[in-house]
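# Summary of structural features
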Amino acid sequence: MVRSRRKGQDTVEIPEPLNAFKNVWWLPVVRGLLLVVLGLLLMIQPLEALETLRWVFGIFLVADAVLVAVQGLAHRKQVGWTWWLAQAAVNLLFGAAVMFWPDLSVTALYYVLVVWVLVLGITAIVGAAGLVRNRDLGWPWLLTFGIVSTLFGLLLVTRPVDADDVLSLTVVVFGLYAFVAGSIHVVSGFGVRSVAREL
């Protein structure tokens, strides 16, 4: 479906997906700000208690899952919009695991988060490929986020873990990831908004 808009004497056809993105550009910004806040919290005020760390990550993942699901529903007229829901499901699943896994050790938490980053990254890459078909303005940023997440996860998988220092490693490493990923989301939201205004 397209909408028409007159520009001078010409009529410009604006695809419906682009119109939809004009209304939800702020969702990636909110997601990004949450990630940036999480990253700053972990880097500036390290959380040394495992139980506190579990709940901070878990609550964030659930909140992010809700935002991604809303973004997916806003694009439900697009082909491939279910990939947004897939990302939401990944966050929700891992958020529940982090919060409610009985006797989750700090080493297990580290690897659960590594797998989360990997799965989220792969899901984002596949989702971006689907969004290309819709001429969705956000696909380059989703692809960037997916690539960064996947490479980050692969780097952590191959990195030796010192059992005596794994808690500090988890805080610093995932704090850095949250800050970088959040920055990508914030820039993507304002970038999409700027491009959409020109259409």
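Quick caveat: nothing in here was measured; it's all calculated off a predicted structure. Residue positions are counted from 1 within each chain, in the order its sequence is given. In view of the model being predicted, local features appear only for residues whose pLDDT reaches at least 70, and side-chain atom pairs are presented and counted only at 80 or more, with totals across whole chains, interfaces and linings using the full set of residues. Calculated side-chain values reflect all of the structure's heavy atoms, with hydrogen atoms and water omitted.

Next up on the list: the environment of Phe174. Segments assigned H or I by DSSP are reported as helices when at least four residues long, segments assigned E as strands when at least two residues long, and all are numbered from the N terminus. Looking at the secondary structure, you find Phe174 in helix H7 (residues 166–197). As a C-alpha pair, Phe174 and Phe152 span 22 residues in sequence and 9.7 Å in three-dimensional space. When neighbours within four sequence positions are excluded, Phe174 is seen to be in contact with Leu42, Phe57, Tyr110, Leu113, Val114, Val117, Leu156 and Leu169. Should any heavy atoms of two residues lie within 4.5 Å, those residues are counted as being in contact.

This next bit is on the packing of helix H3 (residues 50–74) against helix H4 (residues 82–100). Geometry is summarised by axes, namely lines fitted to C-alpha atoms with helices restricted to the contacting stretch, and by angles between N-to-C directions that run from 0 to 180 degrees. Packing of H3 against H4 leaves a shortest axis separation of 8 Å and a crossing angle of 165 degrees. In terms of orientation, H3 and H4 fall into the roughly antiparallel class. Remark: the crossing between H3 and H4 carries left-handed chirality. Residue composition of the contact of H3 with H4, grouped by class: 16 nonpolar, six polar and two charged. Geometric relationships in this document are graded by angle, where less than 35 degrees denotes roughly parallel, more than 145 denotes roughly antiparallel, 65 to 115 denotes roughly perpendicular, and other angles denote oblique. For a crossing to be left-handed, the near helix must be turned anticlockwise from the far one by less than a right angle; the clockwise case is right-handed. When residues are sorted by character, Ala, Val, Leu, Ile, Met, Phe, Trp, Tyr, Cys and Pro go into the nonpolar class, Asp, Glu, Lys and Arg into the charged class, and all the rest, Gly among them, into the polar class.

All right, on to the environment of Leu33 then. Locating Leu33 in the fold gives a position in helix H2 (residues 26–44). Taking the C-alpha atoms as reference points, Leu33 and Ser183, separated by 150 residues in sequence, lie 7.7 Å from one another.

When the centres of two rings from Phe, Tyr and Trp lie within 6.5 Å, Trp using its six-membered ring, the rings pair. Their planes under 30 degrees apart give stacked, over 60 give edge-to-face, and anything left gives tilted. Per the stated rule, a full pass over the model turns up seven aromatic pairs. Each ring, one from Tyr110 and one from Tyr111, has its centre 5.1 Å from the other, and the planes form 85 degrees; the classification is edge-to-face. Centre to centre, the rings of Trp116 and Tyr177 are 5.9 Å apart; their planes meet at 85 degrees, and the pair counts as edge-to-face. Taken together, the residues span a long stretch of sequence, with Trp116 in helix H5 (residues 106–132) and Tyr177 in helix H7 at a distance of 61 residues. Overall, the relative accessible area of 4% leaves Trp116 in the buried class. Overall, the relative accessible area of 3% leaves Tyr177 in the buried class. Each residue is assigned to one of three classes by its accessible area relative to the maximum for its type, calculated with a 1.4 Å probe on protein chains only: buried under 20%, partly exposed between the two thresholds, exposed over 50%.

What follows covers the nonpolar core. We define a nonpolar core as any set of buried Ala, Val, Leu, Ile, Met, Phe, Trp, Tyr and Cys residues linked to one another through side-chain atoms lying within 4.5 Å. Core analysis: the largest hydrophobic core is formed by 42 residues, its most contacted members being Phe57, Trp116, Phe145, Phe174 and Tyr177. Contributions of two or more residues to this core are made by H2, H3, H4, H5, helix H6 (139–157) and H7. Element by element, the count of residues in this core is highest for H5, at 13 residues. With residues near it in sequence (within four places) discarded, Phe57 still touches Leu38, Leu42, Val98, Leu113, Thr170 and Phe174.

Interaxial distance between H4 and H5 falls to 9 Å at its minimum, and their mutual angle equals 175 degrees. One element, H4, and the other, H5, form an angle in the roughly antiparallel class. From H4, Trp83, Trp84, Ala86, Gln87, Val90, Asn91, Phe94 and Val98 reach across to H5, where they touch Leu109, Val112, Leu113, Val115, Trp116, Val119, Leu120, Thr123, Ala124, Val126, Gly127 and Leu131. Considered class by class, the residues forming the contact of H4 with H5 number 16 nonpolar, four polar and no charged.

Secondary-structure assignment places Ser188 in helix H7. Here Ser188 falls in the buried class, since its relative accessible area comes to 6%. Every residue in contact with Ser188, bar those within four places of it in the chain, is listed here: Pro28 and Trp141.

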